[in-house]
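Spelled out from the first residue to the last, the chains are:
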Amino acid sequence: HSKEVAGGSYYFYDEKIGKRTIESVKYENALYRALERDEFTLYYQPQVDLCKHRMVGVEALIRWNHPEEGLVSPDIFIPLAEQTGLIVPIGEWVLREAVSQLKKWHDKGFDDLCMAVNLSAAQFEQGSLHRIVKQVLAETGIRPELLHLELTENQIMRNTDLAISTMNKLKELGVHLDIDDFGTGYSSLGYLQRFPLTTLKIDRTFIRDILLDEDDRALTDTIITMAKNMGLEVIAEGVETEEQADYLASRECTMMQGYFFSPPVPARKLEKDFLTNDQGGWSR
Ligand code: C2E
Ligand code: MG
Ligand code: MG
Ligand code: MG
C-alpha cells in the first residue's frame, strides 16, 4: 500500500513489517525473562544422506513457548533477540542444550550422529564464543567434527576480518562451519574462498520450485558443482517432495533436509521415529 502525505510525497506501509514491529514490542519484555523462566526448547530436524540411506545428523532449531501466546516462531523472536543483545545468552543456552542432547544420543549408541547449531553474528563477534565451544566439547567429550556451526552469508559479511579470524580459531578446535541459506546473501565467490568452510546449505527458496523453474534449477546445479570444485559438502534445505529429492540425487547432492523427511520435532519424537535399534531410516 502507498499513502499520500502532506507535501505530496509518498510513504509505503508494508503490512508485514508493520505487523512484525508491533509483535516485537509485544514480545520484548517477555523475551527478557524467557531464559530464566525456562521457556525455550529445542526441536531437531533430521539431515539425511541418501547415499547412506539414513539420518546422519540433526539441526537444532529453537522454539519459544510463550506463557500466553503458545509457540512463537524464531523468525519473530530471533531478530528481536539480536537487536536487544539477548541472542548472546540465548545462543549460549542453545549450544549447551544441543550438545548435551547430542551426548545423550551418543551414549545410547548413535555415536556418529552430527549436530548443527545456528549462530548469529553477535555471538560470532563476541570473544567468548571460542571458549564456550571449547568448554562444551571438553565437558561432553563430543568429537569436534560432529558439531556443525551454521552462519548465513550476510552474518559473516558484516565484519569479514573478524569473521575469518573467529572461524579460523573455531576450525582449529575441529568443528565444522556451514553456510546457511546459501545463495540468498551478498557474499562473492572470491570472498567465500577466504573462509574455512565445510558445507554450503542451499537455501530452500531455490529448492521449492526446482522442478518448475529453470533458473532455480540452474542456480542449484551451479551451487552443487561449485561446492564440489571447492571441496565443500552441500546440503539441500527445504526438500518437500520425492521429486525434489530425486532431482537433487541425480545431481549428486545426496545430503538433504526438509518436510519430505521430517519437520523439526522434539527430542523424544526424534528418538521414537529415527533412533530406534532397527534404524528405521526416514521412509517409514
Ligand atoms: P534455518 O536455520 O534456515 O532453518 C531452517 C528453517 O526452515 C526452519 O524454520 C525449519 O523449520 C524450516 N524448514 C525445514 N524444512 C522445511 C521444508 O521442507 N519446507 C519449509 N517451508 N520450511 C522448512 P524455523 O525452525 O522456524 O527457524 C527459522 C530460522 O530461525 C532458522 O532458519 C534460523 O535462521 C533461525 N533460528 C532457529 N533456531 C535458531 C537458534 O538457535 N539460533 C539462531 N541464531 N537462529 C535460529
Ligand atoms: Mg540453519
Ligand atoms: Mg537455512
Ligand atoms: Mg534462515
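Worth saying up front: this structure is predicted, and the values here are computed from it rather than measured.

### Section: the coordination of the magnesium ion (ligand 2)
Looking at the magnesium ion (ligand 2), one finds its protein donor set to be Glu59 (OE), Asn118 (OD1), Glu150 (OE) and Asp180 (OD), positioned 2.0 to 2.2 Å from the metal centre. Within one chain, the residues donating to the magnesium ion (ligand 2) are spaced in sequence as E-x58-N-x31-E-x29-D.

### Some points on helix α3 (residues 87-107)
Relative to the 30 Å expected for 21 residues at 1.5 Å per residue, α3 spans 30 Å between its end C-alpha atoms, a close match to the ideal helical length. Among the residues making up α3, those that are buried are Ile87, Ile90, Gly91, Val94, Leu95, Ala98, Val99, Gln101, Leu102, Trp105 and His106. Along α3, the residues classed as buried sweep out an arc of 160° about the axis, all on the same side.

### Notes on the site of ligand 1
Residues in close proximity to ligand 1 total 24 residues, the closest being Arg63, Asp180, Arg204, Glu240 and Tyr259. For ligand 1, a nitrogen atom lies 3.0 Å from a polar atom in the side chain of glutamine 45. For ligand 1, a nitrogen atom lies 2.9 Å from a polar atom in the side chain of serine 120. Considering ligand 1 on its own, with 800 Å² of exposed area, one finds that the protein chains cover 86% of that surface. Those elements giving two or more residues to the shell around ligand 1 turn out to be β4 (54-66), α2 (74-84), α3 and β8 (176-182). If you tally residues by element for the shell around ligand 1, the top one is β4, at four residues.

### Description of the packing of aromatic side chains
All told, the structure shown has seven aromatic pairs when counted by the stated rule. Ring centres 6.2 Å apart and planes at 45° place the aromatic pair phenylalanine 40 and tryptophan 93 in the tilted group. Taken together, the residues span a long stretch of sequence, with phenylalanine 40 in strand β3 (residues 40-49) and tryptophan 93 in helix α3 at a distance of 53 residues. Through pairs of rings, three or more aromatic residues link up here, namely Tyr27, Phe40, Trp64, Phe77 and Trp93.

### Re the side chain of glutamine 257
Within the secondary structure, glutamine 257 is located in the loop between β11 (255-256) and β12 (265-266). Here glutamine 257 is in contact with Gln45, Pro46, Gln47, Glu59, Lys201, Ile235, Ala236, Glu237, Gly238 and Val239, once residues within four sequence places are set aside.

About the thresholds
For every chain, the first residue of the written sequence is number 1, and numbering continues from 1 along that sequence. Ligands are numbered from 1 and chains lettered from A, in the order in which they are written. It should be noted that, the model being predicted, local features are given only for residues of pLDDT at least 70 and side-chain atom pairs only at 80 or more, the latter also being counted only at that level, while totals for whole chains, interfaces and linings use all residues. Excluded from the side-chain calculation are hydrogens and water; included are all heavy atoms of the structure. Excluding water, the donors of a metal are its N, O and S neighbours within 2.8 Å, or within 3.2 Å for Na, K and Ca, and that exclusion means sites may look incomplete. Going along the chain from the N terminus, every DSSP run of H or I of four or more residues is numbered as a helix, and every run of E of two or more is numbered as a strand. Helix span, expected: 1.5 Å multiplied by one less than the number of residues in the helix. Here the term buried applies to any residue with accessible area under 20% of the maximum for its type, exposed to any over 50%, and partly exposed to those in between, with areas from a 1.4 Å probe on protein chains only. When we speak of the arc, we mean the arc of directions from the helix axis to the C-beta atoms. Nearness of a residue to a molecule or strand requires only that one of the residue's heavy atoms be within 4 Å of it. Any pair of nitrogen or oxygen atoms within 3.5 Å is treated as a polar contact; in protein, a donor-acceptor pairing is required on top of that, and neighbouring residues in sequence qualify only through side-chain atoms on both sides. All accessible-area figures derive from a Shrake-Rupley calculation using a 1.4 Å probe, and residue coverage is judged against the displayed protein chains alone. Two aromatic rings from Phe, Tyr or Trp, using only the six-membered ring of Trp, form a pair when their centres are within 6.5 Å; if the ring planes differ by under 30 degrees the pair is stacked, by over 60 it is edge-to-face, and anything between is tilted. Note on contacts: a residue pair qualifies if any of its non-hydrogen atoms lie within 4.5 Å across the two residues.

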